[in-house]
Structures are given as C-alpha cells and as structure tokens.
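Here's the letter readout for the chains.
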Amino acid sequence: MSSEQAATLYFLLSSFGGFVSTETIIWLIPLPPALAFFLIVLFTNRNKALSHMVAVGAALLSWLGSMIVFARALGVEHLGERPFTSSMNWLAMGDTWFRVGVLVDPLTALMLFFVSWTVLMIFIYSIGYHNFGQPEGDHDHKGLPPHGATIEEHGRKHVVPSVEPMYSRFFAFIGLFAFGMFTLVVSDNLLTLFIGWEIMGLCSYLLIGFWYGKKSARDAAVKAFMTTRIGDVFMLLGIAYLYSVTGTLSFREIFTETTLHTLQMIPSGALGFSTAGLIGLLLFIGTVGKSAQFPLHVWLPDAMEGPTPVSAMIHAATMVSAGVYTVIRMFPLLSLDAQTMSVVAFIGAFTALFAATIALAQNDIKRVLAYSTISQLGFMIAALGIGAYVAAVFHLITHAFFKALLFLGSGSVIHGMEHGAYHTGDHKVDPQDMFNMGGLKNKMPITFWTFLIGGFALSGFPIVTAGFWSKDEILADAFAHNLPVFITLAIAAFLTAFYTMRQITLTFLGEPRTEEARRAHETPWTMTFPLLVLSVLAIGYGWVGIPENFPILGGLFPNWLHEFVGETLAERPEAVEFNFVPLLTSLVVALGGLGLGYLTYRNVNSSAEDKLQLGFLKNKYYVDEIYNAVFINPAIWFADKVVYQIMDKGFIDGILHLFGPGTQGIGDGIRNYFDLPFINRFLGDGSANVTYFSGEKLRVIQTGRIQQYLMFALILFLVIGAILYFFIFSA
Amino acid sequence: MVPLSWYLIFSAALFSIGLFGALSRRNLVAILLGIELMLNSVNVNLVAFWRYGDVTNITGQVFTIIVFAVAAAEVAVGLALVISVYRKRNTVIADEIDMLKF
Amino acid sequence: MTIDKIIFLIVAAVTLIAALRVVTTGNLIHAAFWLIATLFGVAVIFAVLHASFLAVVQVVVYIGAIAILFIFAVMLTRKDMRDQGPQLNRNWGFGALLAALAFVGLALLVHGWSGVTKTASAFPSGFDAVSALGNALVSPDAYVLPFEVASVLLVAALVGAVYVAYNRK
C-alpha cells in the first residue's frame, strides 16, 4: 500500500478509541478470549451458533486491540527504549510482591500482530472445519470424530458431513488457548509468561485429546503433556534460580547492564557455565520441550491426532512459537555465555536436519507438516544460537503465517477427501494418506493455489515469498558466524524444499489415484477465506525485511524490520555484510529442491514405488521405541513392582494388616477379659443379682400382718431411744 | 400425799398392758381394746401432771378433753373398718388379713 | 402410809388387774366388760386427782359410748364364734417382751427425772376447775381453735365411719 494509505490506516487505528490509553488496551487484549471461554462453558454450550459467535467475536476484539496497539507502537520513536509498560502488585511474598504486568516493545508488537491475525483466521476456519450448519450425524458420539449424516435429497439418500457434536467445547478451549497465548505475549515478567505457557500446555492437552473417544488421541494428549512437562520443570528451575539470584522476574529489571554483568560473572559451579549461562540453559530446556526440539520432539507428530485447526494454531503458529519467543526474549541473558549459545545452536541445527530427513518418508499429509514445523523451529533456534536475533524473529513471524496456511490447507484437503469418501461410501480409505490423493488441483483450486504459495514460502522460493527473505537472512548470518551450522541448515533447507514439493505433487498434481480423490470438491468459504488472507500475509510480510545491501532490491525498501526489532536489544545488532555465497546457496537449495521433488514424484503412484520409504526414516529413527524402552517401560515397571507391589501393598498394607488383627485382638481381649466378666457379669448381672437376692431375702419381713409391723417399729424405736438416751442425752 | 411417781408408774404399766394387747391379740377388735387402754394411760398422765403442777393452768385438762375426742373418733372409724373388713373377708383374725404382703 | 396412798393403791391395783384381763380373756364380750371396769377405775383416778368433770366425762363418753360400741362391733363380727378360745397370736411372747421392755424404759425415764418425788400442792380454794376448763375451751385467747378442730375431726370421723361401714346391698 502507498505511504498515504498506510498513514491513514495508522491514524485511524491509533486514534480509534483515542480516549483509552495504550496500556489499558494492552491489559484488555488477553481478556476477550478468556471471557469467551467462561461464557461458552457456563451459558452457551448448547447453542452452536452463539458459541462460535462469542468465540469469533472475542478473537475479533483481541485482534482489534492488537492492531491498535501495533499501530500506536509503530508511531513511537525508539520504542525499544521506551516501551509501553504497566504493572501491578499481585501476590504478597513476605516483604516483596510478585507482580503482573504488560510490556509492549517492538518484539511484542510484532508478536501481537501475527498472533492476532493467525488466531482470528483459525477461529473463522474452525466454523467451517467442524461443519457448522450441517445436520447431526447418524451415530455420532461426543468424543469421536463425526461420521456423516444420511439425508434424503430428491428421493435419493446420500451421506453428507455432519456437525461436530462437541462444537461449543472446541471454541471454549481455543478461546482459553488464545487467552494463554496473548498473556504470554504481552507479559512483562517471567512469571506471567510462565502462567500463559502453562495455560497453553493445558489447552494443548485438552485439544489434542479433543476426540477423547479415540485411544490414540488420549495417548497423544498425555504424551504431549508429559513431554512438555519435562521441559517445563527445568524452565521453572531456571526461573527460580534467576529469582533467587536477582530478586526479580521482570524483563526490564533483569536486562539492565549491572544485573546482566553480575550474572555473567558469577560462575554457577556446573560444567563451567556462568550463572547467566545456566539460567539460560534451563530456560532453553523449557523451549526444547515446548517447541519440540530434539530430544523432546516426540510429542508433536502424535499431536496431529487433534483437529486440524488445533494443529494449525498450536503447533504451527502460536504455541511452539511461544518457545522460540521465550528464547528470543531471554536472548540478552543467553548471549552472555558462549557455551549456552553453542548448545542452543547445536540443538537447533541438529533438529532442523533430523526432522527434515524424517519428513521425507511420511505419507500422512499432516505428519509431513508436523516434522516440517520441528525442522523450521530448529532453524529459528539455530539462528538464535549463532546470534542472529533479527533473522530469528523474522523467520518466526513468516513461519507462523505460512505454516498456519499449510495446516489449514491440509485440513481443507482432508475435508475434501472425506467428502469424496461420503460419496463413495468407502470408509477404509484414509483421507489423510497422500498416496490416496492426486489431481486435487482441479477439484479444489483455491486450496491448491494457497497451498502452493505456502509451500513455496516454506521452501524459500526466491523474492516473491516471505519465507525466502527470512530463510536467506538466517543462512547469511550463519555463513558469517558459524560455518558448520550454515552447512547443516543449507542441507536442511534443501530437504525442506524437496519434501514440500513431494507433498504438493502427490496431493495436487497428476491424476486422482482413488475414487475419493475424484469425488472431492472445494470446501466452504469459512475455510477458504482464511487461506486467502494468510497467503497474502505469507507473501507480503517478507518485504518488510529486505536487507539493505541486497543487490538491486535492497535499498528500495528500508529494512524496517531490522530497525524496528533491533531496538529491542540494548545493543543494536549489526546488519550482516552481503555475501554472494549464502544467497546463491539459498537459491540453489530452494529451486533445486523444488524441481527435484517435482521430477521425482510426478510419476510415483503408491508408496511401494517411493524409494525414500526407508525403515528408519519412516519409524522416526526409532526414537519413540528407544524412549519406551529406556524411560517409559522402566517407569511403569517401577511403579507397578516397586511402588505398588512392594511399598504400597507389601509395606503399607502390611502395617495396616498388623494394625487390623492387632486392634482386633485388643478388642477381643478387652471384650473377653474385661467387658464380659467384669462389666457384664460382675457389675451388671451382679448388681441385678444382689438386688434380687436381697429383695428375695428381705421381703419376708413384709408379711402383711400389721402387728408384726408394729413390733418392728417398736423395736427400732426402743433401739434409737436407747442410743439417744445413753449416748447423747446423758453425755 | 401420793408422790407423782406413783401415778406415772401406774400410767406406764397401763400403757405396757395396752401395748401387749395391741401386739399379741388375734382378734382385730381386741387390738382396738389395747389401743384404748394406751389412750387412757395417756389421759391419766396428763391429768396427773396438771394436778401436780400449776392447777390454775388448765391446759392439762384441755388436752385431755381433746384426747377424749380423738379417741372416740378413732374407735368409731376403726370399728367401722373392722366391720367392713369382716364383710369383705369374712374374718376378724389379724393374721389372716395379709393381702399387702410380698 | 396415808389414806390417799391406800385408796390410790387399791384403785390402781383394780384397774391394772382389769386391764390384764382385757388383754388375756378368751371371750371378747368378757374383754369388753373388763374394759368397762378398767375405764371405771381410770375415772376414779380422775376423781382422786380433783378432775371431777373429766371423771364424769370418762364414764359417760368412754363407758357409755365407746365400750358399747365395742360390744356392738363384737356382736356384728362373731359369725363363726371365733371370738372364743385362745386369743393370743403366734408371736405373743415377743410382744410380751416388748411390752416389758417398754415398761422398764418408761420407768427408768421417770426415775431419771428430778421432779419425780413431788407431792401434790393443796388444791386452791375457790378455784372452779370446771368453769376454768369451759372458759379455756371457748376463749379465743385460749383453746377455742383446737376445740373447733376437734369438732371438725369428729364430724369427719362420723362421716367416714358411716361411709366405710356402709352396707351397699
């Protein structure tokens, strides 16, 4: 858009609600989705239309708030030094308080931008994905995916997709999730960040296991939660360590010269890391869990069990990005220790290559994208590890857009395939297997073109797509600083382009391989509209970050992103010197990978013909099996044998079994030796017997004869009289 | 000049005889006879004490009059009871009227 | 041994013997008659003690009414003629013992009293015991209340006796 248009939009957005301060708006951004969650859970659960209106309305409000804040943030000079902040006391801790607060510096502003767009698009997409407006299924159960409804039309019966039975619940959960993400993004301290982190972890569990009737979904949810939990524990340790050393968790207070210097200087006593390094490492382990880096990557492919909007949102655009965001945010701390940075770089680069190789052999359309996500996150982490701050931020944002686009596109494809399955009536065909697809280009054109744009962006197709600019910048930085990382990332980029083209070729190009693919057709506007919006962003966003010294195009647009984001750090990072090698490399790997992928796969029609279906690749290098054998089965064995059998049943129950008979023995003893003979017989029966006996013996006095009574009275009278006379009256 | 003690001994003896009669006689009416003797001995005692004390204090005789009245009333009621018991139980032997025994 | 003492001794002996016969006679009618004798003796004692009014009242009320009442009662309850024959119950020995003990006790009490050997003072001349008695019985400062209560008692006894002995056939 022209600069006048930009200025007008900026003016409108920033003056909109001009009577409300920016800080207030920032506080309010996370709230509409949370409110939506409560409203849907408490009130609108039964009404599908109302639920999605509440949810989408909330996402719209948050989007609006984010856009206003973004527009205002753009207008502030040197936002990095004077960010919008606001905080308040929350929990009293003896003398001090834990605070909650918001912070909008350039990084946060950009995060708000892409998070709000992707969240809104995914919310809208979910309406169509869950088949709103369709009839209820024939035998749909809550907890299982919908199976289709039979309707009569023109005298013929045919099966149509049915609406999801747990429709409102889905929107409630993604509302809660959006709340968590926004909280994490706007927070100004590690505590609130961690709170948002954990909320998203919970929602990830709830949403992966959304179709809880399927055992695979349940297991995947537990796996996701457990694996990320491992990371979270270390992260919490890091936070606690940081708090104990510095006494604060607020970013602005930690990233001061003196604090950072102190942290760098104090050795932590572990493996030569400084305190800063150890804290950074611990926090990084949290990211390894949340952003699915090796070795905690195992949960993300299984998380594809959830509905596709979930995969798009959580595992492409937002939640996994939260891990990278944390590393970016803590970059000033991490960069103090060279050892930590090398650990980060190594894990990032290794994961990038590792996941890319696995993606080559996957047949499920979503699995390919899952491994692709892991790989791309590796790119970002590696970039941070070598110090390429701006490049990592850039790639984070572009990746969010094109990965969300790809996932939503895959969901659209799956919907189309399922539609075909309803027509044929065959339920054994897997609608997600790429080898059952083919030729969908003509059947689902909008999906095809948007998916193509996304795929090209992922591969780094030159100039046009945003992915090219961000990936190229990473490669350039890597070439300048760390050659092994550069080589690894270049190979991974090549593989990325290759498997992406494989995916596109098998899914869209060629001829339909099954009847279902032949009968597929385009999905409704609620699903294709978000695809279109995201593809625009996937292309357009790249142009804000064109390096200044790029041949021809560089200098035409200022490298706004570099200026803007670079201010977040205390020292502005330098732009890398232009070098032809990384540029050439990225061109070669992108175009070469795409071309090779197309040529190899345009004639492959089944998995038997696919030469890359190698065992160890298909089975993900057997990492899951190794974890099962090394960690999970021993833990189960330990829980069963040691804790349950020996400690609980043997020891504790044994003690109780001692108590039981012991108490019983005591009870019996008391009963037999005290209660029965003494209380019952001696006291109880005894007193009764004494009374009876004495009564029996004494009653003979009562003869009924008054003369005897008179005599008794007289005797007693005489006795008493004698006593009185002799002892009292004459004494 | 009869000493007072003679009257008192006399009344004591009369009382004891009456007591013996009340305790040892079989017939109900005879028991009442014994009681009458005891009351008479009391009267003798009272009058003796009046005479041998301040004669102008007529309290002794008043008391005796009252005892007369009480004795008469008691005999009347008592004999009515005996007659009633006789009608019911057809006996006047004290030992046979033992319904209130254990 | 003055004449007073002799008279007293004779009267006392008669009275006591009569009393003994009252409690030991087999025949109840005889017992009633012996009771009359005893009551007469007591009346004489009253006369000796200058309680002339009481002597007359004794004769009239006790002998004239009460003793007659006894005879009536004996007659009304003699259907099986068991008012003759041995009249002492099983425990008569114990009763005799008690009576003897009572007498001994009373005698001891009498002897323990200091004024026991007192002799009678002279009867004041001009003192009308009867009118004094009459005044005492109706004077509000004296004993009118017990007198009236005694009359109430007699009424109650009257009504009670009639009711108890009432023959409902």
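Here the residue numbering is sequential within each chain, running from 1 through the sequence in written order. As they are written, the chains are lettered A onward and the ligands numbered 1 onward, keeping that order. Local features in a predicted model are, by the rule used here, given only for residues with pLDDT of at least 70; side-chain atom pairs are given and counted only at 80 or more, and totals for whole chains, interfaces and linings are based on all residues. Hydrogens are left out, water is left out, and the side-chain values use all remaining heavy atoms of the structure.

A tally of helices and strands in chain B yields three helices and zero strands. Only DSSP runs of H or I with at least four residues qualify as helices, and only runs of E with at least two residues qualify as strands; both kinds are numbered from the N terminus onward. Moving toward the C terminus, one meets the helices and strands of chain B in the order α-α-α. Only protein chains enter the accessibility calculation, which uses a 1.4 Å probe; a residue whose area is less than 20% of its type maximum is buried, one above 50% is exposed, and one in between is partly exposed. By residue count, 68% of the 102 residues in chain B fall in the buried class. Note on contacts: a residue pair is in contact if any heavy atoms of the two residues lie within 4.5 Å. Once local pairs closer than 6 in sequence are excluded, the contacts in chain B between residues at least 24 apart make up 59%.

Moving on to the interface of chain B and chain C. Taken residue by residue, the interface counts 73 residues in chain B and 86 residues in chain C. The rule for a salt bridge is simple: a side-chain nitrogen of Lys or Arg has to be within 4 Å of a carboxyl oxygen of Asp or Glu. Linking chain B to chain C there are zero salt bridges. Residues adjacent in sequence count toward polar contacts only when both atoms are side-chain atoms; beyond that, a polar contact is any pair of N or O atoms within 3.5 Å, and within protein one must be able to donate a hydrogen and the other to accept it. Applying the counting rule to chain B against chain C returns nine residue pairs in polar contact (both at pLDDT 80 or more). Looking at the side of chain B that touches chain C, the elements with two or more residues in it are helix H1 (4–24), helix H2 (28–52) and helix H3 (59–89) of chain B. Sorting elements by how many residues they give to the side of chain B that touches chain C places H3(B) first, with 23 residues. For this classification, Asp, Glu, Lys and Arg are treated as charged, while Ala, Val, Leu, Ile, Met, Phe, Trp, Tyr, Cys and Pro are nonpolar and the rest, including Gly, are polar. Looking at the side of chain B that touches chain C, its residues break down into 51 nonpolar, 15 polar and seven charged.

We now examine the interface of chain A and chain B. Across the contact, 11 residues belong to chain A and 13 residues belong to chain B. Buried surface area refers to the total accessible area, computed with a probe of radius 1.4 Å, that the two partners give up upon joining, counted for both partners together. Buried surface at the junction of chain A and chain B, both sides included, amounts to about 1,100 Å², of which 60% is carbon and sulfur. Sorting the residues of chain A by area buried against chain B places Arg699(A), Arg705(A) and Gln707(A) first, and these three jointly supply 45% of that buried surface. Between the two partners, chain A and chain B, sit one salt bridge. Arg705(A) serves as the salt-bridge partner of Asp95(B), at 3.6 Å between the closest nitrogen and oxygen. Scanning the region where chain A abuts chain B turns up three residue pairs in polar contact (both at pLDDT 80 or more).

Looking now at the environment of Glu198(A). All names here are of chain A. One can find Glu198 in helix H7 (residues 190–208). Sequence-wise, Glu198 and Thr228 are 30 residues apart; in three dimensions their C-alpha atoms are separated by 9.6 Å. With residues up to four places along the chain from it excluded, the contact list for Glu198 reads Arg229 and Asp232.

Centres within 6.5 Å make a pair out of two Phe, Tyr or Trp rings, where for Trp the six-membered ring is used; the pair is then stacked when the planes are under 30 degrees apart, edge-to-face when over 60, and tilted otherwise. Across all of its chains, the model carries 36 aromatic pairs over all chains by this definition. Summarising the aromatic geometry, the rings of Phe10(B) and Phe8(C) are spaced 6.1 Å apart at their centres and angled 80 degrees between planes, so their arrangement reads as edge-to-face. Here Phe10(B) is found in helix H1, whereas its partner Phe8(C) is found in helix H1 (residues 3–24) on a different chain. Judged by its relative accessible area of 4%, Phe10(B) falls in the buried class. Within the aromatic cluster, the residues linked to one another by ring pairs are Trp63(A), Phe70(A), Phe113(A), Phe114(A), Trp117(A) and Phe401(A). Against the face of Phe379(A) rests Lys471(A), its NZ or CZ located 5.2 Å from the ring centre. Both a distance and an angle decide whether a charge sits over a ring: NZ of Lys or CZ of Arg must be within 6 Å of the ring centre and within 35 degrees of the ring normal.

Attention now goes to the pairing of strand E3 (residues 149–153) of chain A. All names here are of chain A. Relative to strand E4 (residues 156–160), E3 runs antiparallel, the two sharing five bridges. For Glu153, the partnering residue across the bridge sits in E4 and is Arg156. The loop that links E3 with its antiparallel partner E4 comprises two residues; one of these, His154, has a positive phi angle of about 50 degrees. Any two strands are treated as partners once DSSP identifies two or more bridges connecting them.

Looking now at H2(B). Owing to its 3.6 residues per turn, the α-helix brings residues three or four apart onto one side. Residues and elements named next belong to chain B. Helices are assigned an expected span. That span is 1.5 Å times one less than the residue count. For H2, with 25 residues, the first-to-last C-alpha span of 37 Å sits near the 36 Å given by 1.5 Å per residue. Here H2 lies mainly inside the structure; 21 of its 25 residues are buried. N-cap assignment for H2: the residue whose side-chain oxygen lies 3.1 Å from the backbone N of Val29 is Asn27.

Judged by side-chain polarity, Leu716(A), Val719(A), Ile720(A), Ile723(A), Leu724(A), Tyr725(A), Phe726(A), Phe727(A), Ile728(A), Phe729(A) and Leu109(C) come together as a nonpolar surface patch covering roughly 1,100 Å² of accessible area. In terms of residues, the nonpolar patch owes the most to one element, helix H29 (residues 706–729) of chain A, which gives 10 residues. Counting through the fold element by element, Leu724(A) comes out in helix H29. Residues enter a patch when their relative accessible area is above 30% and they make no salt bridge; the linking distance is 9 Å between like charges and 5 Å between nonpolar side chains (Val, Leu, Ile, Met, Phe, Trp, Tyr). Only the protein chains shown count as cover for residues, and the accessible areas themselves come from Shrake-Rupley with a 1.4 Å probe.

Right, let's talk about the confidence of the model for chain B for a bit. Scored by pLDDT, chain B comes out at a mean of 90, with 100% of its residues at no less than 70. Model confidence for the complex is summarised by a pTM of 0.65, with the ipTM given as 0.91. Per residue, pLDDT measures the predictor's confidence, with a range of 0 to 100.

Residues and elements named next belong to chain A. Tallied over the entire structure, the rule returns 10 salt bridges over all chains. Between Asp105 and Arg329 there is a salt bridge, with the nearest N and O atoms lying 2.7 Å from each other. Of this pair, Asp105 sits in the loop between strand E2 (96–104) and helix H5 (106–129) while Arg329 sits in helix H14 (residues 319–329), placing them 224 residues apart in sequence. Each member of the pair, Asp105 as well as Arg329, is classed as buried. Taken together, the shared-partner salt bridges in this structure form one network comprising Lys223, Asp302, Arg367 and Asp624.

The next subject is unusual backbone geometry. Residues and elements named next belong to chain A. The linkage connecting Phe294 with the following residue, Pro295, adopts the cis geometry, with an omega of 0 degrees. With respect to the secondary-structure elements, Pro295 resides in the loop between helix H11 (275–290) and helix H12 (299–302). In the Ramachandran plot, Ala292 falls in the positive-phi region, its phi being about 55 degrees despite a non-glycine side chain. If you trace the backbone, Ala292 turns up in the loop between H11 and H12.

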